[in-house]
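# Inside the fold
Listed here are the chains, written in short residue letters.
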Amino acid sequence: MSPAARLRGLKSDWLSDPKVWRTEVLAGLVVALALIPEAISFSIIAGVDPAIGLFASFTMAVVISVVGGRRAMISAATGAVALVIAPLNREHGFGYLVAAVILAGVFQIVLGALGVARLMRFIPRSVMVGFVNSLAILIFMAQVPEMHNVPWPVYPLIIGGLALMVFFPKITTVIPAPLVSIVILTVITVAAGIAVPTVGDKGELPSSLPVPGLPDVPFTLDTLTTIAPYAFAMALVGLMESLMTAKLVDEITDTHSNKTRESIGQGIANVVTGFFGGMGGCAMIGQTMINVKVSGARTRLSTFLAGAFLMVLCIVFGPVVSDIPMAALVAVMVMVSFATFDWHSIAPRTLKRMPAGEIAVMVVTVACVVATHNLAIGVVVGSVTAMVVFAKRVAHFADVSAVVDPDSTTVVYRVTGELFFASSNDLVGQFQYASDPQRVVIDLSGAHVWDASSVAALDAIAHKYAQRGKTVEIIGLNTPSADLHGRLSGELAAGH
């Protein structure tokens, strides 16, 4: 079935199929429950009231469900964004944080319109695998504090929650196993009076909806210069995490998403969130995995309901939600961590067949993310490492072979391979300038000239022969190479 046909089928399904509605509604409820402690934790990281993170998660999810480009992806307050804007809030106050969120949204809209999403094609698979594995590790690491210095009943509750999520789907998949696990563990702890950490221990839940308003800052150039660096960093981090998440969901669901629309949608969602006094956010990979991979959601309805249910749970069912044991949510996130990790990528059979450079890129990506707790830094460092590995690998692809004519008056050098900054550095040293005859022909019919470095190398070769009174003729250039060589030859100070 073609992607367009699948898309039409999906649209009609979620409008008419009760099973799809049930799946989307229950998935949204599970995500909303998982969002509450996460949003509160990220609020603490940013140094703001827990309600601020919850409001941001509500507005981000609801808005992105309409304007985003990736169906079923969850956007809300995130730790990466909280880390970026925390210093601004600490040094200048909450008003500046809100203003930075709005400006970050504007930056994302502009970057999206300029086509920043197209840069995703330059992220290699090894970086993507490292990104997924490091994400799984971070999700698990985030649960470790919830298992440290806690009452002993927490541990059997977590084990019980994991067992429910493993075995309950064998009975039925009508109700998401994470939801069943959360409900059963909550009932057990409340009914038995078991004293364990609960969602309510994380912070007070809001009792009313957020109200729109302008940030409490002076509208001056000084304010703009203060918030701009933080806003731009937030925009880049948010876009990178969102686009990587969208790409991951594309692979899981075997569908295509509009990355440009997603980029602009993230910006719109952050602008709206800022005007409602939220701390901003981006795609949440852990919650997206709960929604897509664990609960089976595939439409915008689940994203919208995740945000809507979040506010309903906080405002209407706040006392009930506060009694949910953290052990239940820890079990859900541990299961998400296990399901997210690409176990095939570290299987001995895979590692034996994988090129060493690819393994190195994956390891570097994971190490950087785990060390910095910043997925964006890991992706950038991993991508740069992949480029270096690739450049080193292809640098030796340019091969030079020489054939001397019978009359010994001409030598023909045949160059094959890709000529660019890495390979062209070795090119100059592969010619016999002193012993070659008077006429030298360089045949590039089996090569391609990619950049100015290669043109400069060819000019340097010609210059070295000219110093010895010998002539050089370059033949066989394909059209793009000839155009580049014609424009730059003699203009790059060859031989200096």
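Scope of this entry: the structure provided in the associated data block. Since this is a predicted model, take the numbers as computed values, not measurements.

### Thoughts on the overall build of the protein
- Per the secondary structure count, the protein includes 20 helices and six strands.
- Each principal axis of the C-alpha atoms in the protein carries an extent, and together these give about 100 × 60 × 50 Å.
- Here the protein, with 496 residues, has 51% of them falling under the buried criterion.
- Nonlocal contacts in the protein, meaning residues at least 24 apart in sequence, comprise 85% of its contacts between residues at least 6 apart.
- Split by element, the accessible area of the protein, about 22000 Å² in all, is 67% carbon and sulfur.
- The average position of the 30 basic charges and that of the 31 acidic charges among the side chains of the protein differ by 8 Å.

### What about the packing of helix α9 (residues 221-253) against helix α10 (residues 259-275)?
- At a minimum axis separation of 10 Å, α9 and α10 run at an interaxial angle of 135°. One finds that α9 runs oblique with respect to α10. Considering how the two elements wind past one another, α9 and α10 form a crossing that is right-handed. Contacts between α9 and α10 involve Met234, Leu239, Ser242, Leu243, Ala246, Lys247 and Asp250 from the first element and Lys259, Ser263, Gln266 and Asn270 from the second.
- Across the contact of α9 with α10, the residue classes tally to four nonpolar, four polar and three charged.

### Thoughts on the pairing of strand β4 (residues 410-419)
- Bridge count between strand β3 (residues 399-404) and β4: six bridges; the pairing is antiparallel. Following the sheet pairing, Val400 is matched in β4 by Val415.
- Here β4 runs beside strand β5 (residues 439-449); their pairing, made up of nine bridges, is parallel. Opposite Val412, over in β5, you have Val441 as the bridge partner.

Rules and cut-offs
Residues numbered from 1 in each chain as written. Predicted model: local features only at pLDDT ≥ 70, side-chain atom pairs only at ≥ 80, totals over all residues. Heavy atoms only, no water. Helix = DSSP H or I, 4+ residues; strand = E, 2+ residues; numbered from the N terminus. Buried < 20%, exposed > 50% of the residue type's maximum accessible area, 1.4 Å probe, protein only. Contact = heavy atoms within 4.5 Å. Areas by Shrake-Rupley, 256 points an atom, 1.4 Å probe, with all protein chains shown as cover. Lys, Arg positive; Asp, Glu negative; His and termini not counted. Charge placed at Lys NZ, Arg CZ, Asp CG, Glu CD. Axes fitted to C-alpha atoms, helices over the stretch in contact; angles between N-to-C directions. Parallel < 35°, antiparallel > 145°, perpendicular 65-115°, else oblique. Left-handed = near helix turned anticlockwise from the far one by under 90°. Nonpolar A, V, L, I, M, F, W, Y, C, P; charged D, E, K, R; others polar. Pairing = 2+ DSSP bridges.

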